[in-house]
Amino acid sequence: MNRDPKWHRLLSLTGLLSFMLGTAGCVLPGGLTPVGGQQVNGWIRNPAGKGIPDQKLVLVQGHFDRLDTETVQYVTAPADVWKVERVELITNADGCFTHKLRGFTHCHPTWIIPPLGALPSKINGEADHGKFFILQTPGSKGGIYEIRQKGSKAIVRKWCNARNRRQRVDPKIDPEVFTTTVHRIKLDQADGYYPLIPGVTLEIVRRH
């Protein structure tokens, strides 16, 4: 039987690549890097701009890279406490809440696959650890949100139970409207050291 030389070369190349991926590929640790640890400040206001007191919120941050069907469960009952920081906050008389997330260390591995070279960890989402936190707002009108740092702002996505996924907040129909700012905050410590840490400010207006 005659074989097409082009197909023969393609099959040979595919077999060689499969062999290298299975035997020659390796993962190099990227070292432990401190991530997360944002200072979160925010307000819950009514449409007239007045703060709403005594509102309970939940903040969650841990070793995961997105809000999904697994991590949404940590809001009410963390399955692996060692992975998760979960804190309940109550707004004060001005509708204000504040919390400094403790952060954690994370290793961003790198795949080495000859002859393709190095594939960065961001391809599989590893580099997103610590860049966001989860927020649950109070009451029957409240929601569960992913607050993710991006430049000088934060991207807010809301968990949709009906679709079982996160989605962008629609300011035209959603009962809560977010205004966000990302900045650097000088943290005072007892030893006189003042490190700059990431800070996120949230203003949540409840329209209904």
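Anyway, here's the lowdown on the structure attached to this text. The shown structure was predicted, so the numbers you read here are calculated from the model rather than taken from an experiment. (Residues numbered from 1 in each chain as written. Predicted model: local features only at pLDDT ≥ 70, side-chain atom pairs only at ≥ 80, totals over all residues. Heavy atoms only, no water.)

**Considerations on the overall build of the protein**
- The number of helices and strands found in the protein is 1 helix and 15 strands.
- Here the protein, with 208 residues, has 38% of them falling under the buried criterion.
- Summarising the internal contacts of the protein: among those between residues at least 6 apart in sequence, 64% fall at separations of at least 24.
- Counting only carbon and sulfur atoms, one obtains 56% of the accessible surface of the protein, whose full area is about 12500 Å². (Helix = DSSP H or I, 4+ residues; strand = E, 2+ residues; numbered from the N terminus. Buried < 20%, exposed > 50% of the residue type's maximum accessible area, 1.4 Å probe, protein only. Contact = heavy atoms within 4.5 Å. Areas by Shrake-Rupley, 256 points an atom, 1.4 Å probe, with all protein chains shown as cover.)

**A word on the pattern of salt bridges**
- Counted according to the given criterion, the structure contains 8 salt bridges.
- Note that K158 and D174 form a salt bridge whose closest N and O atoms lie 3.5 Å from each other. Taken together, the residues span a long stretch of sequence, with K158 in strand β12 (residues 153-160) and D174 in the loop between β13 (165-168) and β14 (176-186) at a distance of 16 residues. Per residue, the accessibility class of K158 equals that of D174, and both read buried. (Salt bridge = Lys/Arg side-chain N within 4 Å of Asp/Glu carboxyl O.)

**Some points on the packing of aromatic side chains**
- Applying the stated criterion across every chain, the model contains 3 aromatic pairs.
- Every member of this aromatic cluster is reached through a ring pair, and the members are F64, Y74 and F132. (Phe/Tyr/Trp six-rings, centres within 6.5 Å; stacked < 30°, edge-to-face > 60°.)

**Here we look at the nonpolar core**
- By size, the foremost hydrophobic cluster in this structure holds 19 residues, and its most contacted members are F97, F133, L135, I147 and L202.
- If you list the elements that add at least two residues to this core, you get β3 (39-45), β4 (56-62), β5 (84-90), β10 (132-136), β11 (144-150), β12, β14 and β15 (196-206).
- When residues of this core are assigned to their parent elements, the largest contribution, 3 residues, is made by β15.
- Setting aside chain neighbours within four positions, we find F133 in contact with V40, L59, V60, Q61, L101, Y145, E146, I147, V200 and L202.
- One finds V60, V72, V84 and F132 within the second-largest nonpolar core, a separate group that totals 12 residues. (Core = buried A, V, L, I, M, F, W, Y, C linked by side-chain atoms within 4.5 Å.)

**Let's talk about the environment of R86**
- Locating R86 in the fold gives a position in strand β5.
- Taking the C-alpha atoms as reference points, R86 and V60, 26 residues apart in sequence, are found 4.5 Å from one another.
- Looking at R86, its side chain comes within polar contact range of the main-chain oxygen of V75, at 2.6 Å.
- Polar contacts involving the side chain of R86 include one to the side chain of E88, which spans 3.3 Å. (Polar contact = N/O pair within 3.5 Å; in protein donor to acceptor, adjacent residues only side chain to side chain.)

**Structural notes on the environment of Q39**
- With respect to the helices, strands and loops of the structure, Q39 is situated in strand β3.
- Sequence separation between Q39 and H99 is 60 residues; the distance between their C-alpha atoms is 6.0 Å.
- One polar contact links Q39 to T98, side chain to side chain, over a distance of 2.9 Å.

**Some points on the side chain of H99**
- Considering the arrangement of structural elements, one finds H99 in strand β6 (residues 96-100).
- Since its relative accessible area comes to 18%, H99 is described here as buried.
- Side chain to side chain, H99 and E85 meet in a polar contact 2.9 Å long.
- Sequence-distant contacts of H99, defined by excluding residues within four places in its chain, comprise Q38, Q39, V40, L59, E85, V87 and L89.

**Section: the side chain of D174**
- Here D174 falls in the buried class, since its relative accessible area comes to 12%.
- Reaching out from D174, the side chain makes a polar contact with the backbone nitrogen of D170 at a distance of 2.6 Å.
- Setting aside its immediate chain neighbours within four residues, D174 contacts K158, V169 and R207.

**Quick word on the sheet that holds β10**
- One open sheet holds the 6 strands; their spatial order is β5-β4-β10-β11-β12-β13, and the pairing between them is antiparallel. Looking at which strands have only one partner, the edges of the open sheet turn out to be β5 and β13. Put simply, the sheet's adjacent strands are angled 30° from each other on average, direction ignored.
- Judged from the 4 bridges that link them, β12 and β13 form a sheet pairing that is antiparallel. Bridged to W159 within β13 is R166. (Pairing = 2+ DSSP bridges. Axes fitted to C-alpha atoms, helices over the stretch in contact; angles between N-to-C directions.)

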